[in-house]
Every structure is written in structure tokens, then in C-alpha cells.
Amino acid sequence: LGDEEFHAHWREPHGRLALNIRAMRRYVQAHRIPEPSLPESNARFEGFAEVWLDDLATALGLGQDEDYQRYLVPDEPNFCDQSGLRFLITREEIVRRGPTVRREERLFKVIQLVSRRADVSAPRFADEWGRGDESLVVALGALRYVRCRAVPSTLDPVNGLSGVRELWWPDADSFRQARKRAPEAFAALLADPLVDPSHGCIEAVDELRLLW
């Protein structure tokens with residue numbers, strides 16, 4: 001599929017089908033968009049599906065959920081490379097809340113997926129990663145910052161992912177100006193000593209809040 005066809009199908013009908021999953025509390029599609037200030041080599045995925053659930057047991061059982069099996073499993077082969085799907089179960093920490101985000105509001109969002117270094121244990125990473133980075137986010141003028149650490153007991157060695165950073169700016173120009181204004185802060189945010197720099201990715205996305 002071409003990029004346009006992929007993203008169109010993911011929005012509709014797949015997004016509408018996903019709303020039948022009764023266990024979901026929130027559901028967001030984050031569609032990758034080109035961003036000249038981020039190297040294309042950093043792009044690893046075409047998008048990220050973000051799902052909020054009540055508890056860990058529900059998250060672990062989502063793949064076998066009756067609604068998921070009925071509505072989404074049959075449609076996934078129609079638009080996405082299933083061999084490239086990766087799953088990560090995290091606990092969300094809202095570090096910088098910012099203004100209330102409305103369902104239809106358009107903001108510029110950057111998502112960073114990280115992997116811990118091989119010599120760093122999963123519990124240590126879950127406890128220490130990102131500690132003290134709020135000052136860097138403030139220097140970059142991000143409206144909102146959410147840090148999601150993977151639940152250590154759920155880590156999948158195949159995907160190698162350990163955490164997610166999500167940052168919002170009013171628009172793409174605000175993000176670019178922030179990087180020019182505070183380049184050291186952005187570099188420090190990416191150069192966490194617990195992170196393996198050869199894995200992970202950082203991408204700009206268009207956020208579609210389907211259940212919010």
C-alpha cells in the first residue's frame with residue numbers, strides 16, 4: 001500500500017471498528033507525518049495505536065478480547081504488515097499536564113520510543129529512566145509531556161522497547177523554534193545514559209483522538 005492508502009484505511013474503517021472494543025477507555029491513532037527537522041532515518045513505524053485500559057490484566061488479555069478478535073483481527077491484514085507489529089504495555093506518567101486537550105484540538109506531537117541498554121536491568125530502567133528530565137522539557141517549551149515506562153513483567157524481548165516519551169507543541173513551527181532555541185536540551189533529552197542509542201525511534205505524528 002502507498003502511504004496515503006495505508007493511513008486512510010487505518011482511520012476508516014479500522015478506527016470505527018476499534019470503537020467496538022468495550023474494554024477501551026481511550027483510543028488514539030498517531031499517524032506519522034514528515035518532519036524535516038527530524039532525520040528520516042529515525043522513522044521506524046508508520047504510526048502508533050495508543051489504548052488506555054483499566055488494569056494490567058485487561059491489557060495482557062487484550063489480544064484475546066472477544067471484541068478485538070471479532071472486529072480488528074479480520075481487518076488488520078487489509079492494511080498493515082502484521083510481522084512489523086510491536087506491542088508495549090506501559091504505565092502512563094503525566095509529567096507536564098499543560099492545558100486541557102480537547103478531542104478535536106490539533107497539536108504537533110513527537111513520540112520517542114526507547115530501548116534500555118543491555119547492561120541495565122528492566123526494574124532499574126523502570127525506576128530511573130527519565131528522572132529529572134522535566135527541566136529539559138520546560139527549556140524546550142513543550143505544552144505537555146507524558147512519559148510511559150514499560151511494565152517490567154510484560155517486556156517482550158523481540159521488540160526490545162522499554163519506554164515512550166510523548167511531547168506536544170502548539171504547531172510544527174513552535175517545535176522547530178524550540179530546537180533552535182535550546183539545542184542542548186533536545187540533545188540531552190535523547191542522550192539518556194540508560195538508553196541504547198542504536199534502537200528506538202523519534203517521529204512526528206498527527207494525533208487522531210477517536211475515543212477521548
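The residue count restarts for each chain, going from 1 along the sequence in the order it is written. With the structure being a predicted model, the display of local features is reserved for residues of pLDDT at least 70 and the display and counting of side-chain atom pairs for 80 or more, all residues being used for whole-chain, interface and lining totals. For the side-chain quantities, the full set of heavy atoms in the structure was used; hydrogens and water were omitted.

(A) Focus on the pairing of strand β1 (residues 26-32). Counting buried positions over the seven residues of β1 gives six, a clear majority of the element. Any two strands with at least two DSSP-identified bridges between them are counted as paired. In this text, helices come from DSSP runs of H or I with a minimum length of four residues, and strands from runs of E with a minimum of two, each type numbered from the N-terminal end. Across six bridges, β1 lies against strand β2 (residues 47-52) in antiparallel orientation. Across the sheet, Q29 pairs through a bridge with A49, a residue of β2. Of the pairings in the sheet, the one linking β1 to strand β7 (residues 201-211) comprises six bridges and is antiparallel in character. Note that in β7 the partner of Y27 across the bridge is L211. Partly exposed residues are those whose accessible area sits between 20% and 50% of the maximum for their type, while under 20% is buried and over 50% is exposed, using a 1.4 Å probe and protein chains only.

(B) Broad picture of the pairing of strand β4 (residues 108-114). Taking burial as the measure, the seven residues of β4 include seven buried ones, the bulk of the element. The alternating pattern of β4 places F108, V110, Q112 and V114 and K109, I111 and L113 on opposite faces, both of which are buried. Relative to strand β6 (residues 163-169), β4 runs antiparallel, the two being bridged by seven bridges. Bridging from a neighbouring strand, F108 pairs with W169 of β6. Looking at chain direction, β4 and β7 are connected through five bridges and run antiparallel. Note that in β7 the partner of Q112 across the bridge is I202.

(C) Here's a closer look at the sheet that holds β2. Pairing in this open sheet of seven strands is antiparallel, and the strands run β2-β1-β7-β4-β6-β5-β3 from one edge to the other. Two strands lie at the open edges of the sheet, namely β2 and β3 (90-96), each paired on one side alone. Geometrically, the sheet is characterised by an average inter-axis angle of 25° between neighbouring strands, direction not taken into account. Looking at chain direction, strand β5 (residues 144-150) and β6 are connected through six bridges and run antiparallel. The partner of V146 across the bridge, within β6, is E166. Note on definitions: a residue-residue contact is assigned when non-hydrogen atoms from the two residues lie within 4.5 Å. For helices, the fitted axis covers only the stretch in contact; all axes are lines through C-alpha atoms, and the angles between them, taken along N-to-C directions, range from 0 to 180 degrees. Each of β1, β2 and β7 is contacted by helix α1 (residues 3-18), which is oriented at about 175° to β1, the strand it contacts most.

(D) Focus on the pattern of salt bridges. By convention in these notes, a salt bridge is any Lys or Arg side-chain nitrogen within 4 Å of a carboxyl oxygen on Asp or Glu. Per the counting criterion, the structure on display carries 20 salt bridges. With a closest N to O distance of 2.8 Å, R25 and D54 form a salt bridge. Residue R25 is found in the loop between α1 and β1, and its partner D54 is found in the loop between β2 and α2 (56-60); the two are separated by 29 residues along the sequence. Residue classification places R25 among the partly exposed positions, given a relative accessible area of 44%. Through salt bridges with shared partners, a single network forms among E50, K109, E166, E207 and R209.

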